[in-house]
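# Structural overview for review
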Amino acid sequence: MQVLCFSQETAINCYNYVWLEPNRVYKGEKLFQELENKVCKHQFLQKYCEQVKNNLSVRRFEHVLRVTKLASEIAISNKFSQEDYEATVLAAFLHDSARELSKEEMFKRAKPEIKAEENHFMMLHGKAGRELAKSWGVDNLPVLEAIEGHVLGVHTTNKIAMAVYIADVSEPGRGVNNEIRELGFTDLCAAYKQAIAIKINYLKSKSKEIHPHTLKIYEEICDFK
Ligand SMILES: [Fe+2]
Ligand SMILES: [Fe+2]
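Given the structure is predicted, the values throughout are model-derived calculations rather than measurements.

Reading the values: the criteria
Residues numbered from 1 in each chain as written. Chains lettered and ligands numbered in written order. Predicted model: local features only at pLDDT ≥ 70, side-chain atom pairs only at ≥ 80, totals over all residues. Helix = DSSP H or I, 4+ residues; strand = E, 2+ residues; numbered from the N terminus. Buried ≥ 20, exposed ≤ 12 C-beta atoms within 10 Å, placed from the backbone. Contact = placed C-beta atoms within 7 Å. Expected span 1.5 Å × (residues − 1). Core = buried A, V, L, I, M, F, W, Y, C linked by C-beta atoms within 7 Å. Axes fitted to C-alpha atoms, helices over the stretch in contact; angles between N-to-C directions. Parallel < 35°, antiparallel > 145°, perpendicular 65-115°, else oblique. Left-handed = near helix turned anticlockwise from the far one by under 90°. pLDDT = per-residue confidence, 0-100.

### Describing the overall build of the chain
Secondary structure assignment for the chain yields 13 helices and zero strands. Burial analysis of the chain (225 residues in total) assigns 40% to the buried set. Restricting to contacts in the chain with at least 6 residues of sequence separation, those with at least 24 account for 57%.

### What about helix α10 (residues 159-170)?
The terminal C-alpha atoms of α10 lie 16 Å apart, and with twelve residues this matches the ideal 16 Å at 1.5 Å per residue to within 8%. The buried count for α10 comes to twelve of twelve residues, which makes it a mostly enclosed element. In the core, the buried residues of α10 are packed alongside α4 (58-77), α5 (82-94), α9 (141-152), α11 (178-186) and α12 (188-205).

### A few points about the nonpolar core
Judged by nonpolar contacts, the single largest core of 53 residues is most densely connected at Ala 71, Ala 91, Ala 163, Val 164, Tyr 165, Ile 166 and Ala 167. Going through the elements one at a time, α2 (28-40), α4, α5, α8 (125-135), α9, α10, α11 and α12 are the ones with two or more residues in this core. In terms of residue count, α10 provides more of this core than any other element does, nine residues in total.

### Focus on the packing of α2 against α4
Where α2 meets α4, the closest approach of the two axes is 10 Å, and the angle between their N-to-C directions is 60 degrees. With respect to their mutual orientation, α2 and α4 come out oblique. In the packing of α2 onto α4, the handedness of the crossing is left-handed. Contacts from Phe 32, Leu 35, Glu 36 and Val 39 of α2 reach α4 at Glu 62, Leu 65, Thr 68 and Lys 69.

### Here we look at the confidence of the model for the chain
Predicted confidence across the chain gives a mean pLDDT of 87, with 88% of residues reaching 70 or more. Ranking the elements of the chain by mean pLDDT puts helix α1 (residues 8-14) last, at 42, and α8 first, at 98. Between residues 1-18, whose pLDDT stays under 50, and residues either more than four places distant or in other chains, the model counts 27 contacts.

Put into structure tokens, the structure is as follows:
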């Protein structure tokens, strides 16, 4: 049976697997340990926990935990089905698994196809993360698309990927994009469009190279051409 939730307050009654308390801020070593225990003990994340942890520094792993928690809250607020909720949480947990690979390792998992990717190999960590997840046995397509798309953008047809994208750019540890986080609870698509627009504007303002895929997404979904 598919169960829908109607607010964060009632979520705990709706999903028997909501284990990350909404509105609780996990800060400090002890609280992080608690958050890690909750995430890593969970049935569908448990088997990936060691791999994710082994691939990341403590600082990055904490970011991943915060993204996982926020993505789960966004999914609940937007009344995702149980299946989509689980996919969102899994994608959020795996999204940065390739973030700290060396250039050589990155190129092994994801071949650069354009000059920009060759010059900025970090652009490929979504694509490499997708390959890594596949090698760990993940075969859910929206999850794989969400992992890949968290770097360069996704289409608005994939709400799981939009939730992960929003959670990644607005998790509280970043100290920015609070409005996007708030909007993400009530209007997933509007929050996502804003997140893409902010990214493009930031890159333009710093005269940084913009990946053509991100630009394409921006031009498709935003009215700011
Ligand atoms: Fe990332
Ligand atoms: Fe991230």
